[in-house]
Amino acid sequence: AAMSALAFDEAAAHLRTALELGISDPRERAEVFLKLGVATHRGGRAGDALGAFRSAADLARELGDAELLAKAAIGYEDACWRPGITDEGTIELLEEAAVALGDQASELRVRLLGGLARALDFKGHRERGAIARTSAIDMARELDDRAGLATVLMRAYWSRGTTSLEEILEMLTEARELAEDLGSTEIRAEAISWRVPAFVTLADLDSARRELIALRETAEQTAQPFVLHVAEHYASAIALGDGRLAEAEEHARRSHDWSRLLTGRDPSGVHGIQMFSLRREQGRLAELAPVIRVLAGGAAREGPWRPGLASLLAELGMEEEAGQELARVRAEGLDPLRQSLWLASLTYLTDACAAVGDEETAALVYRELEPFAGANVMIGHLVAYYGAADRYLGMLATTLGEWERAEAHFEGALELNRRMGAST
């Protein structure tokens, strides 16, 4: 009853009480662990969800029950894919369950292969992920398993390493349509949630804005903190790009409030990047100086914060210190920055290079940013977007004294930003 009312924490509390009171039948106990995993996952309690699904998997092994093991593996993967949560055993558990279940086509195998595809994509095994996804889609169509098909298709966003964005949008559109026919709010919400950044990447901001309205409405219906958090941080990113700075800050605050209900992940990263982006546009980076200095010098130095510190120092007119930070980045190389929000790092370095006239670093950054010419700069999965990459390429080319190339980049940036209706 609590699950039906979307009271996920209450449902989890009842299920834990049932387990504490004792359930002698191991199969029934495993089923309760599966339900507990779903309840805690939807309530944003990732660690609790993973623990519940692990317990269900252990019982399934003891019973030699392949179907129970498959359900536990599917739930486990679903609980651990969300950004900031990684688990090295996910692929192994899914593959173990796939072997136990056998090759016979079934709706359960469709979901197992769909989860495996996403897990492989998430870990960078793109080709293997594509094979698993194609198998899942073909099997779902053969079985006329519409719910399974919609579930696999809504995860297509993760196949960007092997599939064009246009093809991904087609799959996400089919997933959304199937979800609407099936009356599945959860599948519809996730399909829409990936369509928004896909449209931003394609510089189709009108479609992204329309899709965002649908996402925020659907997110309310799910009552899931993670979905609500994502909808708000998308809204903040788009408002920032549109130049609606007060709205961007309000959405960022709401997103952060929802993220505080999530466990198993650090919510500060998204909020930090959004506030840095906002204060940069407002000319108020000085307010963040103490925090950025700590982050740049601590464990986060391999992320975007050292480039962010260089940008901040340059804006404050502390050109000598900014130059010193750029020299440190050069000495360490750009590769460490690839681990987290790579494009954000490149834009922050561009700001600093342009301000202090650092040609050596500008040449390094230009080479890395050049493949994005003609495209939109999206940070993460729409944590923020900074408009045309050509704007930054133009700044770098100017720093290098390549005037004709700089002019071409700036003209390209103006054309793309006008087309998007973006002020960034």
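Up top is the structure these notes are about.
These notes cover the structure that comes with them. (Residues numbered from 1 in each chain as written. Predicted model: local features only at pLDDT ≥ 70, side-chain atom pairs only at ≥ 80, totals over all residues. Heavy atoms only, no water.)

With respect to the packing of aromatic side chains
Here is step 1: If you walk through the whole model with that rule in mind, you get 6 aromatic pairs.
Here is step 2: Seen in terms of ring centroids, phenylalanine 122 and tryptophan 158 are 5.1 Å apart; in terms of plane orientation they differ by 75 degrees. Their pairing is edge-to-face. Linking phenylalanine 122 in helix α6 (residues 107-122) with tryptophan 158 in the loop between α8 (146-154) and α9 (165-182), this pair joins segments that are 36 residues apart in sequence.
Here is step 3: On the basis of relative accessibility, which here comes to 28%, the residue phenylalanine 122 falls in the partly exposed class. (Phe/Tyr/Trp six-rings, centres within 6.5 Å; stacked < 30°, edge-to-face > 60°. Helix = DSSP H or I, 4+ residues; strand = E, 2+ residues; numbered from the N terminus. Buried < 20%, exposed > 50% of the residue type's maximum accessible area, 1.4 Å probe, protein only.)

Observations regarding helix α21 (residues 403-420)
Owing to its 3.6 residues per turn, the α-helix aligns residues three or four sequence positions apart on the same side.
Here is step 1: Given a rise of 1.5 Å per residue, 18 residues ought to cover 26 Å, and the 26 Å separating the end C-alpha atoms of α21 matches this to within 8%.
Here is step 2: Turning to α21, its buried residues are Ala406, His409, Ala413, Leu416, Asn417 and Met420. In an axial view of α21, the angular spread of the buried residues amounts to 100 degrees, which keeps them on one side of the axis. Seen from the open side of α21, the exposed residues pointing more than 90 degrees away from its buried face are Trp403, Glu404, Arg418 and Arg419.
Here is step 3: Buried residues in α21 make contact with α11 (205-222), α19 (359-369), β1 (376-379), β2 (384-388) and α20 (389-399).
Here is step 4: Looking at the residues trailing α21, positive phi occurs at glycine 421, about 70 degrees. (Expected span 1.5 Å × (residues − 1). Arc of directions from axis to C-beta. Contact = heavy atoms within 4.5 Å.)

Thoughts on the pattern of salt bridges
Here is step 1: The final tally for this structure, using the stated rule, is 41 salt bridges.
Here is step 2: The partner of aspartate 78 in a salt bridge is arginine 118, and the shortest N-O contact between them spans 2.8 Å. Placement of aspartate 78 in helix α4 (residues 66-80) and of arginine 118 in helix α6 is noted, with a sequence separation of 40 residues between them. Comparing aspartate 78 with arginine 118 shows no difference in burial state: the two are buried.
Here is step 3: Aspartate 206 serves as the salt-bridge partner of arginine 209, at 3.1 Å between the closest nitrogen and oxygen. A residue pair is termed a helical-turn pair when its members lie 3 or 4 positions apart in one helix, as arginine 209 and aspartate 206 do in helix α11 at 3 residues.
Here is step 4: On the basis of relative accessible area, arginine 209 is assigned to the partly exposed category, the value being 22%.
Here is step 5: Linked through salt bridges whose partners overlap, the residues forming this network are Glu77, Asp78, Arg118, Arg155 and Glu190. (Salt bridge = Lys/Arg side-chain N within 4 Å of Asp/Glu carboxyl O.)

Here we look at the layout of surface pockets
Here is step 1: In this structure, the second largest pocket spans a volume of roughly 200 Å³.
Here is step 2: Considering the residues around the second largest pocket, the lining is formed by Ala130, Arg133, Thr134, Ile137, Ser159, Thr162, Thr163, Glu167, Glu170, Met171 and Glu174.
Here is step 3: Elements with a minimum of two residues in the lining of the second largest pocket: α7 (126-143) and α9.
Here is step 4: Of the residues contributing to the lining of the second largest pocket, the split by class is 3 nonpolar, 4 polar and 4 charged. (1 Å grid on protein atoms, 1.4 Å probe; cavity = no way out; pocket = protein on both sides within 12 Å on 5 of 7 lines; lining within 4 Å. Points joined across faces, edges and corners; volume = space filled by probe spheres on them. Nonpolar A, V, L, I, M, F, W, Y, C, P; charged D, E, K, R; others polar.)

A short note on unusual backbone geometry
Here is step 1: The backbone phi angle of aspartate 144 is positive, close to 55 degrees, even though this residue is not glycine.
Here is step 2: Structurally, the position occupied by aspartate 144 is in the loop between α7 and α8.
Here is step 3: Positive phi, close to 65 degrees, is recorded for leucine 382, a residue that is not glycine.
Here is step 4: The residue leucine 382 is located in the loop between β1 and β2 in this model.
Here is step 5: Owing to a relative accessible area of 0%, leucine 382 belongs among the buried residues under this scheme.

A short note on helix α18 (residues 342-356)
Here is step 1: The end-to-end C-alpha distance of α18, which contains 15 residues, comes to 21 Å, matching closely the 21 Å that a straight helix rising 1.5 Å per residue would cover.
Here is step 2: Judged by how many residues are buried, α18 sits mostly within the fold: 12 of 15 residues are covered.
Here is step 3: All of the buried residues along α18 are Trp342, Leu343, Ala344, Ser345, Leu346, Thr347, Tyr348, Leu349, Thr350, Asp351, Ala352 and Cys353.
Here is step 4: Positive backbone phi, approximately 70 degrees, marks glycine 357, located one or two places after α18.

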